[in-house]
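Next come the chains, spelled out residue by residue.
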Amino acid sequence: MEISDTLQTLYTATVEEDDGAYQVTVPEREVATGSITEGETYRVALIATSASDSEATDRTEVTQSVDHAGQQHESDGPPVEEGEQRDVEIKNLGDQGDGIAKVERGYVVIVPETSVGDQVTVEMKQVRENVAFAEVVDDTLRGEV
């Protein structure tokens, strides 16, 4: 999976049906922090989360709408903290060649100087609402799956 340099936001949401239309609710924090602007058009990538699904990505352009009253399933922030150490497996590489791992709720952790399949212990160096940047602190399992 390639992650574009133009990535503006990254979060997990549920597709919901509303009278024959399907909607993905954008968390209010994404608009409040200026990641995106209400009424603008964005390209959205839908990534399967089922283990049986392929890593295929369905991309489509949508017009952004924000329903502040209908906000649901919002978490209380990132599932990691700066300085925290985690064992992760690198599942993909980003455009810049950095490793990409996911932790609970699909939260993305970007780890430079790693390869797909590496199992490493990382320390969270910078934590944002939708992504964390980490450094490898133990690579004894590097390359083993």
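Quick look at the structure, then. Owing to the predicted nature of the structure, the values given are computational and were not obtained by experimental measurement. (Residues numbered from 1 in each chain as written. Predicted model: local features only at pLDDT ≥ 70, side-chain atom pairs only at ≥ 80, totals over all residues. Heavy atoms only, no water.)

### Some details on the overall build of the protein chain
Consideration 1: Helix and strand counts for the protein chain come out as one helix and 10 strands.
Consideration 2: In sequence order, the secondary structure elements of the protein chain are arranged as β-β-α-β-β-β-β-β-β-β-β.
Consideration 3: Looking at the protein chain as a whole, 28% of its 145 residues are labelled buried.
Consideration 4: Counting only contacts in the protein chain whose residues sit at least 6 apart along the sequence, the fraction spanning at least 24 positions is 49%.
Consideration 5: Carbon and sulfur atoms provide 43% of the accessible area of the protein chain, an area that totals close to 9400 Å². (Helix = DSSP H or I, 4+ residues; strand = E, 2+ residues; numbered from the N terminus. Buried < 20%, exposed > 50% of the residue type's maximum accessible area, 1.4 Å probe, protein only. Contact = heavy atoms within 4.5 Å. Areas by Shrake-Rupley, 256 points an atom, 1.4 Å probe, with all protein chains shown as cover.)

### Re the side chain of Asp 118
Consideration 1: You can see Asp 118 is positioned in the loop between strand E8 (108-111) and strand E9 (119-127).
Consideration 2: The buried category is assigned to Asp 118, whose relative accessible area is 5%.
Consideration 3: At 2.8 Å, the side chain of Asp 118 and the backbone nitrogen of Ser 115 are in polar contact. (Polar contact = N/O pair within 3.5 Å; in protein donor to acceptor, adjacent residues only side chain to side chain.)

### Some points on unusual backbone geometry
Consideration 1: Although it is not a glycine, Asp 19 sits at a positive phi angle of roughly 55°.
Consideration 2: Mapping Asp 19 onto the fold places it in the loop between strand E1 (15-18) and strand E2 (21-24).
Consideration 3: Positioned with a positive phi, Glu 113 is a non-glycine residue whose angle comes to about 60°.
Consideration 4: Structurally, Glu 113 can be placed in the loop between E8 and E9.
Consideration 5: Using a relative accessible area of 71% as the deciding quantity, one classes Glu 113 as exposed.

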